[in-house]
Structures are given as structure tokens and as C-alpha cells.
Amino acid sequence: MTDRTYQRLDPQQAAERVKASINLRKRKETRFLWLGKTAVAIALGFLVLLFAGILSKGIPGLFQYYVTLDVRLDARQLDPSGQMTVESLAGGDFDGAILTSLYEALGNPEGRKEKREARRLISSGSSQRLMNYVLDNPEQLESMVSIQFAVDDDVDTFLRGLISRETPEADRRISDQLIGYIDALEAEGRISYEISDYLFFGSASRDAEMAGIRGALVGSILTLLVCIVIAFPLGVATAVYLEEMAPKNRLTEIIEININNLAAVPSVVFGIMGLAIFIVAFGMPRSIPLVGGIVLALMTLPTIIISSRAAIRAVPPSIRDAALGVGASKMQTIMHHVLPLAMPGMLTGTIIGMAQALGETAPLLMIGMVAFIVDVPGGVTDPGTVLPVQIFMWADFAERMFVQKTSAAIIVLLAFLISMNAAAILLRKKLERRW
Amino acid sequence: MVQNTNQVEGRAVPEKTLGEIQVDNPRMSARNVNVFYGEKQAIDNISLDIGMSQVISFIGPSGCGKSTFLRCLNRMNDTIDICKVDGEIKIDHQNIYDPAIDVVSLRARVGMVFQKPNPFPKSIFDNIAYGPRIHGLAASKVELDQIVESSLQRAGLWEEVKDRLDQPGTGLSGGQQQRLCIARAIAVSPEVILMDEPCSALDPIATAKVEELIHELREQYTIVIVTHSMQQAARISDRTAYFHLGKLVEVGDTKQVFTNPRHELTQDYITGRFG
Ligand SMILES: Nc1ncnc2c1ncn2[C@@H]1O[C@H](COP(=O)(O)OP(=O)(O)OP(=O)(O)O)[C@@H](O)[C@H]1O
Ligand SMILES: [Mg+2]
């Protein structure tokens, strides 16, 4: 304490000082306001840039070029044994039927070289498509039908204008002859640009025009299902135990610290662990969504636990007192009051964890979900891949058309993410009663 | 300074409680109760009987341990990790700190109303029905309805809420919420109701209503109430206990304590010289 007695300010002096300090404060506040506004503007700018980039690249990838051919569905040619089953159709000459109509559309070219070039026009998946058409519409046998077939990926790339006519013939992937055919078909109005059905309903394929994300999408859904079924109950139970029941001692402290550390472990490490434990030690098959889901569950657990604990801690103690006060047991208090009130917060954490898991590539590469799998997985124990890994694989392929498909797949992944978040927000709104 | 010695303005806190600790017909009786929060002692050797169908009020300056002692009576202190209670508290000759006793059934017998109204974020009906439900008090839906109605009626809230039982309890006014909490407490038919400053958040009209309610409830229940209002203590209680620095200084008939206190500290407090 000082000995000097404090001289009170006279009111006028005080008013002056206050005025000076108010100006200073105002200036500080304005500066802070502008800082915040710029930060938000920069963030928004990046977001717009990101979305513009993805959309401008990816939207063309959602479409591809088709050629419409008039095919004669000759029963003797397509279904020689006449049983209309998958097996009997396998003996049919679908390629022959398609080529006949293709040649017809091109004015029946004569030479072998011409025919070869003509064959390069359509996708090699066309016979499969015709077979499916016949299976779905058996009543149309013996009639003439117009069917759209995907064009080959090089032709598609040319139609998009990414291969120039001016390039010398030897340096481009399609010949002058083929370009002539394309022009002819376009003049007849047989070429169309439409939403790609292969992208959404096709599975992995080396042929860019037939490659689709269905398998990866189903794989992602299955993997996330496994992940949430394991991680959510486990995470919530851990959070409840640590928050409500665990004695506060050294051991729980160590556990807490380690859970927090776990949240910072790079995801590849979880992949290596999954490989070592589930595949090598337990002998589970590689590439299956079950193992992928377990690994991702371990990865998302810390996120769920940490946010669930925060949500539990945010429940007002007065509610606990109220429940205990009327004679609810500890368990009843938690189940009837704490958990319902904490649920919105827990769900938020879980969704953030799931969104992380959805975008995760590295740990899944480690457990072999990067294999080339044509079949759509029918269950969690069928080999499969997931969207981000599919994107990663496509990005590696040389064909030009895969670039568009990659961007399109990224759009689908983002749409998946956004709808997941939207679902979470809706769910939270529903649970978060206003009272 | 004052906190560390037993001297307050030169007046000593007595070693032994003045007045009649015992009553003829006790519902609960505490003997030599000490409570510690960690190292810190909050209650120092308190013995007190709580008479059957009586209202007893606890008064005393802030921080003297009224709430702490009150919360010992239904073991709400168990929820505080660092809180240790020793001594003996009996309800109908049974020690409530006996390991064999079930806290849940104890709290059903000794209900509690808190300082801040704390209705559940549920409907008015569910607020009242929660206790009877978890204790299995109602054999049927009709019986549950009856319990809810009679509890609300006894809490003087029925007329105000009977048309909106399905609306959130948190949507009521503060005073209504507090009466809702009282209704919730009496819905499980406790023998004793502990109230920790139940009117501190209420306006005079709501306070009057709660006091009226306490007045009616005394017929059937034993009520322990903590209050900072001398007038309130004088109006509603049969006995009054004065706490000071973790000690029970004096206890006696309300009339006697307010008109003829045995200890100078009580005298100072009730005449408003400190507190
Ligand atoms: N949870 C706790 N942890 C540690 N100390 C506590 C805790 N609760 C109360 N205390 C201490 O115990 C003593 C008694 O507190 P208590 O709440 O019983 O006082 P009170 O008489 O109810 O006061 P008020 O009239 O302000 O409500 C105080 O010194 C307080 O600091
Ligand atoms: Mg208190």
C-alpha cells in the first residue's frame, strides 16, 4: 500500500479521462471488427474458389456421350437356345448384332481397316448393355429398337474438344477415318450428351467410359455403417463412464490423456494396426468393409468420446440434483436425464467423426481396400472399396476421361458429406427441444 | 480474519449448542455430525433432532453450513467427491449412512426442493410423474393421473396448469416452477421435505403462496427449510436453528429464539447486526 492518500478526481477531469478511454476503446473495437470481417471474407473466398473449381471440373464428368443405334433383336442370333436366361443369352452374339447396326448407320463400310476403325467407336461394354436390355424387355424380341450406347472414351474425349483435329494423325489417339465416322453420326443426330448412367450405376472398370462409383459408394456406406455401429455406442459408453462413474485417480487420468493423444495419431497408423491385428493376427480377409469399418471406428472413437464428454459436462448439475432428489439412481439419472440432454452434442461429435471417416484414404489403403473390384459388395464381408480410395485410384489412371470421372466422383463424395451433415443437423434440431 | 477463530466481534461461538437439541417425537435425529470438504471442515459436531410433523428452519449467515447440513439429511452430499460426512443421522432409528441402506429409497423418503427451481426439461405431467414412475408408486395410468393431479393440487398449482399438462415445465414462471418442484417432491409421498432457500428466487406474491403451501403441508410432512428471511422463519416454522461457522449455536422454539435468544450471536443475527 502507498502512503500517499489518493486524491479524488473532480468530475470534469474524470469525464475527460472517460472520454479519452472511450475513443481508444472504440478504435480497438473497429479494428477488431474489420479484422474479423476480413477473415470471414478470405475464408468465404477460398470456399467459393474451391467449389467453383470442383464444380467446373466435375459437372462435365457427370455427363458423357452416347450414340443411338437401331438394333434388330433377332431371337436366333441373341438367344440361340431360346430360354431367355442369363446363361442362354451368354451364347448369343450381341456384339454381332450391335456391329451390324453400327455398320448400317455408317453406310456399310467395306474394307477390314474401315470396319476396325468403326468398331473403335463404341464402348466395349455395349454388348453387356444390349444383353441387359433384352433381359428387361423380352417382349421386344424380333423387333427393331433404338438403344443408346456409350461411345469409347477416346471418342468421348474428342467430342469434348479435348483432342484437336489439327494434331497430326500419328500423334492423336483417333484416326482421321474415325473422325469421319463421328462426324457422320453427329450429322445424323445419333450422338447425344447425357447424364452418365455408367457413373452412378457402373462399377470399377479399366474402360473410362464404363467406370462408375456404385461399388465404391456401396462400399463407403457399408464401411460407415460398421464404423458407426461400433464407434457410437462404444464412444458414448466410454464418455459416460469416464464422466460419471470413473473414480478420479491416476489410472483414469492416464486413460484420459491417452484418449486425447489417440485423437492426434495419424490415420495411417490405425491402418497399419488394422493390418497387423485384424488381417495378419486374426486372419480376416483383406479389402472388406468390416475391417475397414473397425479401423475407422478406432480412428473416430477419440473424437466421439471427447465431444460426448463435453456434451455430458454441459448438462446443468441442477437437473442431476433434481433427478437424484426424487430418488432416481445414478444410472436412472444418466439414462433418463443426462443422456437425452447430451444427445445433440454427442451426435454432432459423431457426425464430425463420421465425416472424417468418410474422407479417409490412408488407413484403408493399408488394409487392401484399394484392390480393383468389379462387383458391388453385397455385405460387409465382401471385398470392396470406398469413394475416396476410388477417387485416388482414378486420379492415377492415364486416360483423359478419368480426369472428369474423378472430379465427378469428388462431387458425389461432397454431396454425400453434405447430406450426412444435413441429416445430423435435422436430427439435432429434432432432439434439441426448446425447453 | 473472522473465519479463522471462534471469535466474532469478541463473542465466542459456544462449544455446546444452546437450547433443546432433542424433541419428544423425532422423525430424524443427527448426532455429532462432522462434514469435511477435503481438508476444510464445514460442519463441526452438530447434533439435532427434527420433530415429526414440524417445520424447522435453519438460519445463519452465508457460508455457515446450512445447505451442507441439509444435504446430509438425504445424502445429497454423496454426489460431491471431496465431501466426507461422519457422525450419525437416523431416520426412524435407522442410520442413513449405514452401508446397508439404499440411498434411492432414502431419497424417496426424504425429498428435496432446491434454491433455484429446477424442473426437468419435460412436460409438466412428466415432471410430476417421473418420481412415482421410477418408484413404481402407481399401479395404473389412472392412478398416475390421480397422483399428478393431487400433487399439483396440494402444491396449489393445479388450477393454473390443468389445461396445459403436456407443455414444458420450464415454460412456467419462476414461482410456478418452484411450486412445480414442490409438487414433484410430494408426488413420491416423502416423510420429510428438505427445502434450501425455496423462495430466494421468488417475488413476494409467489413467496406468500409457497409459504401458504408449507403451512398446509406441515400436517402431513416434516419440513426442514433453510431461509435467509427472519420473517419467513418466524412465520412458518415451529422450531428454529441458528448456525454459525459450521456450528449449531442455538436451537429452540421459534418464538423463543426470536423473542428471547439465548446467545448473543443469535441476538445479533436476528436483529440484523450482521449476516
Ligand atoms: N462443493 C463444495 N466444495 C468445497 N467447499 C464447499 C462446497 N460446498 C460448500 N462448501 C463450503 O462449505 C461451507 C458451508 O457452505 P454451505 O453451502 O453449506 O453454506 P450455507 O450456509 O448454505 O450458505 P448460503 O446461505 O450462502 O447458502 C462454506 O464455507 C463453503 O465454502
Ligand atoms: Mg446454502
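Just so you know, these numbers come straight off a predicted model, no measurement behind them.

Rules of the game
- Residues numbered from 1 in each chain as written.
- Chains lettered and ligands numbered in written order.
- Predicted model: local features only at pLDDT ≥ 70, side-chain atom pairs only at ≥ 80, totals over all residues.
- Heavy atoms only, no water.
- Helix = DSSP H or I, 4+ residues; strand = E, 2+ residues; numbered from the N terminus.
- Rg over C-alpha atoms; globule rule 2.2 N^0.38 Å.
- Buried < 20%, exposed > 50% of the residue type's maximum accessible area, 1.4 Å probe, protein only.
- Contact = heavy atoms within 4.5 Å.
- Areas by Shrake-Rupley, 256 points an atom, 1.4 Å probe, with all protein chains shown as cover.
- Lys, Arg positive; Asp, Glu negative; His and termini not counted.
- Charge placed at Lys NZ, Arg CZ, Asp CG, Glu CD.
- 1 Å grid on protein atoms, 1.4 Å probe; cavity = no way out; pocket = protein on both sides within 12 Å on 5 of 7 lines; lining within 4 Å.
- Points joined across faces, edges and corners; volume = space filled by probe spheres on them.
- Nonpolar A, V, L, I, M, F, W, Y, C, P; charged D, E, K, R; others polar.
- Domains from an automatic or database assignment.
- Near = heavy atom within 4 Å.
- Polar contact = N/O pair within 3.5 Å; in protein donor to acceptor, adjacent residues only side chain to side chain.
- Salt bridge = Lys/Arg side-chain N within 4 Å of Asp/Glu carboxyl O.
- Pairing = 2+ DSSP bridges.
- Buried area = accessible area lost by both parts, 1.4 Å probe.
- Axes fitted to C-alpha atoms, helices over the stretch in contact; angles between N-to-C directions.
- Expected span 1.5 Å × (residues − 1).
- Arc of directions from axis to C-beta.
- Parallel < 35°, antiparallel > 145°, perpendicular 65-115°, else oblique.
- Left-handed = near helix turned anticlockwise from the far one by under 90°.

(A) Region of interest: the overall build of chain A. Helices and strands together make up the secondary structure of chain A, namely 18 helices and 3 strands. On C-alpha atoms alone, chain A measures out to a radius of gyration of 32 Å, which is more than a quarter above the 22 Å that the 2.2 N^0.38 rule sets for 435 residues. Expressed as lengths along the three principal axes of its C-alpha atoms, the size of chain A is roughly 115 × 60 × 40 Å. In chain A, which comprises 435 residues, the proportion classed as buried is 44%. A fraction of 76% describes how many contacts in chain A between residues 6 or more apart in sequence connect residues 24 or more apart. Per element, the accessible surface of chain A, about 23,300 Å² overall, is 62% carbon and sulfur.

(B) Spatial organisation of the overall build of chain B. On a plain count of helices and strands, chain B comes out with 10 helices and 13 strands. Relative to its length of 275 residues, chain B is compact, with a C-alpha radius of gyration of 19 Å against a globular reference of 19 Å. If one aligns the C-alpha atoms of chain B with their principal axes, the spans along those axes are about 60 × 45 × 35 Å. Put simply, chain B has 275 residues, and 54% of those count as buried. In chain B, the share of contacts with a sequence separation of at least 24, taken over all contacts with a separation of at least 6, comes to 67%. Between the averaged position of the 29 positive side-chain charges in chain B and that of its 35 negative side-chain charges there is a distance of 2 Å.

(C) Seen up close, the layout of surface pockets. If you add up the space inside the largest pocket, you get close to 620 Å³. Lining the largest pocket are 25 residues, with A:Glu243, A:Glu244, A:Arg320, A:Lys330 and B:Thr79 positioned closest to its centre. Of all the elements in the fold, those that place two or more residues in the lining of the largest pocket are helix H10 (214-245), helix H13 (289-313), helix H14 (317-325) and helix H15 (330-358) of chain A together with helix H2 (103-109) of chain B. Across the lining of the largest pocket, the residue classes break down as 12 nonpolar, 3 polar and 10 charged.

(D) Spatial organisation of the domain arrangement of chain A. Domains assigned within chain A are domain 1 (8-42), domain 2 (63-194) and domain 3 (214-431). Computed over C-alpha atoms, the centres of domain 1 of chain A and domain 2 of chain A are 75 Å apart.

(E) Quick look at the site of ligand 1. All names here are of chain B. Lining the immediate surroundings of ligand 1 are 14 residues, of which Ser62, Lys66, Ser67, Thr68 and His228 lie closest. A distance of 2.8 Å separates an oxygen atom of ligand 1 from a polar atom in the backbone of Gly63. A distance of 2.8 Å is found between an oxygen atom of ligand 1 and a side-chain nitrogen or oxygen belonging to Lys66. With the chains in place, 66% of the 630 Å² that ligand 1 exposes on its own is no longer accessible.

(F) Broad picture of the pattern of salt bridges. Residues and elements named next belong to chain A. Applying the stated rule across the entire model yields 31 salt bridges over all chains. Ionic pairing is found between Glu142 and Arg72, a salt bridge with its closest N-O pair at 4.0 Å. Pair noted here: Glu142 is in the loop between helix H6 (126-136) and strand S2 (144-150) and Arg72 is in strand S1 (residues 63-72), with a separation of 70 residues, a long-range link. Judged by its relative accessible area of 45%, Arg72 falls in the partly exposed class.

(G) Geometry of the pairing of strand S12 (residues 239-244) of chain B. All names here are of chain B. Summarising burial for S12: 6 of the 6 residues are buried, a large majority. A two-sided burial pattern is seen for S12, the buried positions comprising Arg239, Ala241 and Phe243 on one face and Thr240, Tyr242 and His244 on the other. Here strand S6 (residues 55-59) pairs with S12 via 4 bridges, running parallel. Residue pairing for S12: Ser57 is matched across the bridge by Thr240. In this structure, S12 lies alongside strand S13 (residues 247-253), joined through 6 bridges in antiparallel fashion. Within S13, the position partnered with Arg239 by the bridge is Asp253.

(H) Representation of helix H3 (residues 124-135) of chain B within the structure. Among the 12 residues in H3(B), 9 count as buried, and that is most of the element. Within the sequence span of H3(B), burial applies to B:Ile124, B:Phe125, B:Asn127, B:Ile128, B:Ala129, B:Tyr130, B:Gly131, B:Pro132 and B:Ile134. Residues of H3(B) that are buried in the fold lie against H15 of chain A together with helix H4 (141-154), helix H5 (158-161) and helix H6 (174-187) of chain B.

(I) Quick look at the interface of chain B and chain A. Each partner contributes to the interface: chain B provides 25 residues, whereas chain A provides 17 residues. Taking both sides of the interface into account, the surface hidden between chain B and chain A amounts to around 1,800 Å²; carbon and sulfur atoms contribute 65%. The three residues of chain B that bury the most area against chain A are B:Phe120, B:Pro121 and B:Tyr130, which together make up 29% of that side's buried surface. Here chain B and chain A share 0 salt bridges between them. At the boundary of chain B with chain A, the tally comes to 4 residue pairs in polar contact (both at pLDDT 80 or more). Mapped by element, the contributors of at least two residues to the side of chain B that touches chain A are H2, strand S9 (110-113) and H3 of chain B.

(J) Highlighting the sheet that holds S13(B). All names here are of chain B. Here we have 7 strands laid out as an open sheet, ordered S3-S13-S12-S6-S11-S10-S9, and mixed in their pairing. Each end of this open sheet is capped by a strand with a single partner; those strands are strand S3 (18-19) and S9. Packing of H6 onto the sheet brings it into contact with S9 and strand S10 (192-196), and relative to S9 it is tilted by some 170°.

(K) Focus on helix H8 (residues 176-187) of chain A. Residue and element names in this part refer to chain A. Counted at 1.5 Å a residue, the expected span for H8 with its 12 residues is 16 Å, and the 16 Å between its end C-alpha atoms agrees. Buried within H8 we find Leu178, Ile179, Tyr181, Ile182 and Leu185. Burial along H8 is one-sided: seen end-on, the buried residues are contained in an arc of 160°. Summarising the contacts, the buried residues of H8 are in contact with S1, helix H4 (94-105), helix H5 (112-119), helix H7 (153-159) and strand S3 (191-195).

(L) The sheet that holds S3(A), seen in detail. Residue and element names in this part refer to chain A. An order of S2-S1-S3 is seen for the 3 strands of this open sheet, with the pairing classed as antiparallel. Here the strands that pair on one side only, and so sit at the sheet edges, are S2 and S3. The average undirected angle you get between the axes of adjacent strands in this sheet is 40°. Strand direction decides the pairing type here: S1 and S2, joined by 7 bridges, are antiparallel. Looking at S2, one finds that Val71 is bridged to Val145. Along the sheet face, H4 touches S1 and S2 and points at about 95° away from the line of S1.

(M) Representation of the packing of H4(B) against H6(B) in the model. Residues and elements named next belong to chain B. H6 packs onto H4 with a crossing angle of 130° between their chain directions and a minimal axis gap of 8 Å. When the interaxial angle is binned, H4 and H6 end up oblique. The hand of the H4/H6 crossing is right-handed. On H6, the residues touching Ile147, Ser151, Leu152 and Arg154 of H4 are Leu180, Ala183, Ile186 and Ala187. Class assignment of the residues belonging to the contact of H4 with H6 gives a composition of 6 nonpolar, 1 polar and 1 charged.

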